[in-house]
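One-letter residues, chain by chain:
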Amino acid sequence: MKFIDQLKEKAKQNKKTIVLPETSDMRTIEAAGKVLAEGIANIILVGDKEDIMSRAGDIDLSGASFVDPKNYEKFDEYVDAFVEMRRKKGMTEARAKELLLTNPLYFGCMMVKQDDADGMVAGAINASADVLRAALQTLKTAPGTRIVSAFFLVVVPDCQYGANGTFVFADAGLNQSPSASELADIAEQSAKSFELLVDETPVVAMLSHSTKGSAKHPDVDKVIEATEIVNAEFPDLLCDGELQSDAALVPEVAASKAPGSKVAGHANVLVFPDLDAANIGYKLVQRLAKADAYGPVTQGIAKPVNDLSRGCVADDIVGVVAITAIQAQAQEDGRMKVTPKER
């Protein structure tokens, strides 16, 4: 069974309701049809039903729910809740109405906030910053979370490394230049996400252009410090650094560059030193190795809202819907609860 099919089966075990707000995009409509046909999740489509159905053509959306903000019975309730949570930021009733009527991202997030949906997937036609801004302004961070981060779940075909070619790449979507402390939090979050989605033990490599002192630079020092924080605060987590990517992945290279490391040569969670490296890295693997890359998947938001690459195809959206549903399952039963340590 392909890895994505395993995720779909997990999602089906406790079906969740996912809202898709970007219904002007045909990839979203196509993905909704596939999710419904496979029984992965319940789907809410935001917008005018007649308009969506006319563009859907032969795509079967009969199992979807349609919510048009212009005539939704809970609209005033959403406005009141939005004003209340953003009042100190200057939110007015008029501005709240305008946002919820004209910006489907905010409306979709309010559906999640008000428990009318379990999660949201967007980003096919909106920038990541816009998706995450809507999520953070409505849902905020999960209790105890110090940083919200984003990862890609990367599945490389015919690959002997990682977990049968499956990896988490972090942070590949949100934090431009995380500090050592933030990198440590990203590593811990990403390990939890890997374990949740892949059902295997996370092995975390803190990546750098240096392996075990082969280069000297403040950027290397940051990775070393982050590794020390992880190992001190989460001693049960397999984590090592600083490691070059070949030392992290290839046992023969690891034996030479990082002898004695329990992580080197076996890593499946790759924590990059900054957003540039992570984003470039995942896109290279996706395009050159013909890998499936699902995300950016967020971690640390109070409820699941996940982003998409604007270069995505419908099957990518289906995969992220499945991941979002699994995250919602985990939140429901408390598996993703955060218990931060003081620093």
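Residues numbered from 1 in each chain as written. Predicted model: local features only at pLDDT ≥ 70, side-chain atom pairs only at ≥ 80, totals over all residues. Heavy atoms only, no water.

(A) The packing of helix 2 (residues 26-38) against helix 13 (residues 314-332), seen in detail. Direction vectors running N to C along helix 2 and helix 13 enclose 55°, while the axes themselves pass 8 Å from each other. Considering their axes alone, helix 2 and helix 13 lie oblique with respect to each other. In this structure, the crossing between helix 2 and helix 13 has a hand that is right-handed. Only Ala314, Asp315, Ile317, Val318 and Val321 of helix 13 make contact with helix 2, whose side of the interface consists of Arg27, Thr28, Glu30, Ala31, Lys34 and Val35. By residue class, the composition of the contact of helix 2 with helix 13 is 6 nonpolar, 1 polar and 4 charged. (Axes fitted to C-alpha atoms, helices over the stretch in contact; angles between N-to-C directions. Helix = DSSP H or I, 4+ residues; strand = E, 2+ residues; numbered from the N terminus. Parallel < 35°, antiparallel > 145°, perpendicular 65-115°, else oblique. Left-handed = near helix turned anticlockwise from the far one by under 90°. Contact = heavy atoms within 4.5 Å. Nonpolar A, V, L, I, M, F, W, Y, C, P; charged D, E, K, R; others polar.)

(B) Examining helix 8 (residues 180-198) more closely. With 19 residues, helix 8 should reach 27 Å at 1.5 Å per residue; the first-to-last C-alpha distance of 26 Å fits that figure. With 15 of its 19 residues buried, helix 8 lies for the most part within the structure. Phi turns positive, to about 60°, at Asp199, one or two residues after helix 8. (Expected span 1.5 Å × (residues − 1). Buried < 20%, exposed > 50% of the residue type's maximum accessible area, 1.4 Å probe, protein only.)

(C) Quick peek at the nonpolar core. By size, the foremost hydrophobic cluster in this structure holds 63 residues, and its most contacted members are Leu7, Ile43, Leu153, Leu197, Val204, Met206 and Val321. If near-sequence neighbours (up to four positions away) are discounted, Met206 is found in contact with Leu183, Ala187, Val223, Ala226, Thr227, Cys239, Asp240, Gly241, Glu242, Leu243 and Val271. Core analysis: the next-biggest nonpolar cluster, separate from the first, contains 33 residues, Val46, Phe75, Ala96 and Leu100 among them. (Core = buried A, V, L, I, M, F, W, Y, C linked by side-chain atoms within 4.5 Å.)

(D) Expanded view of the pattern of salt bridges. Counted according to the given criterion, the structure contains 19 salt bridges. Here Asp199 ties to Lys10 by a salt bridge, and the two come within 3.1 Å at their closest N and O atoms. Of this pair, Asp199 sits in the loop between helix 8 and strand 7 (203-207) while Lys10 sits in helix 1 (residues 3-13); the two residues are 189 residues apart in sequence, bridging distant segments of the chain. On the accessibility criterion, Asp199 (57% relative accessible area) is exposed. The class of Lys10 is buried, set by a relative accessible area of 15%. Note that Lys74 is salt-bridged to Asp116, the shortest N-O span being 2.7 Å. With Lys74 in the loop between strand 3 (65-67) and helix 4 (75-86) and Asp116 in the loop between helix 6 (104-113) and strand 4 (119-121), this pair connects stretches of sequence that are 42 residues apart. (Salt bridge = Lys/Arg side-chain N within 4 Å of Asp/Glu carboxyl O.)

(E) Structural detail: helix 1. Those residues of helix 1 not exposed but buried are Phe3, Ile4, Leu7, Lys8, Lys10 and Ala11. The buried residues of helix 1 all sit within an arc of 160° when viewed along its axis, so they share a single face. Where helix 1 is buried, its residues touch helix 2, strand 5 (149-155), strand 6 (166-170), helix 8, strand 10 (292-299) and helix 13. (Arc of directions from axis to C-beta.)

(F) Quick look at the sheet that holds strand 2 (residues 42-46). Spatially, 3-2-1-4-11 is the arrangement adopted by the 5 strands of the open sheet, whose pairing is parallel. What marks the edges here is a single partner per strand, and that holds for strand 3 and strand 11 (305-306). Relative to strand 3, strand 2 is paired through 3 bridges, and the arrangement is parallel. For Leu45, the partnering residue across the bridge sits in strand 3 and is Phe66. Against the sheet, helix 13 makes contact with strand 1 (17-20), strand 2, strand 4 and strand 11, and its axis sits at roughly 160° relative to strand 4, the strand it touches most. (Pairing = 2+ DSSP bridges.)

(G) Quick peek at the state of the cysteines. Under the definition given, this model contains 0 disulfides. Cys109 carries a free sulfur, and the closest cysteine sulfur to it, the one in Cys312, is 17 Å from it. Judged by its relative accessible area of 0%, Cys109 is buried. (Disulfide = S-S within 2.5 Å.)

(H) A look at unusual backbone geometry. Asp171 follows Ala170 through a cis peptide bond whose omega is -20°. Summarising the element assignment, Asp171 is placed in the loop between strand 6 and helix 8. A cis amide bond links Gly295 to the next residue, Pro296, at an omega of 0°. Among the secondary structure elements, Pro296 is positioned in strand 10. Positive phi is not limited to glycine here, since Asn164 has a value of about 55°. Within the secondary structure, Asn164 sits in the loop between strand 5 and strand 6. For Lys290, which is not glycine, the phi torsion reads 55° and is therefore positive. Mapped onto the elements of the fold, Lys290 is located in the loop between helix 12 (275-288) and strand 10.

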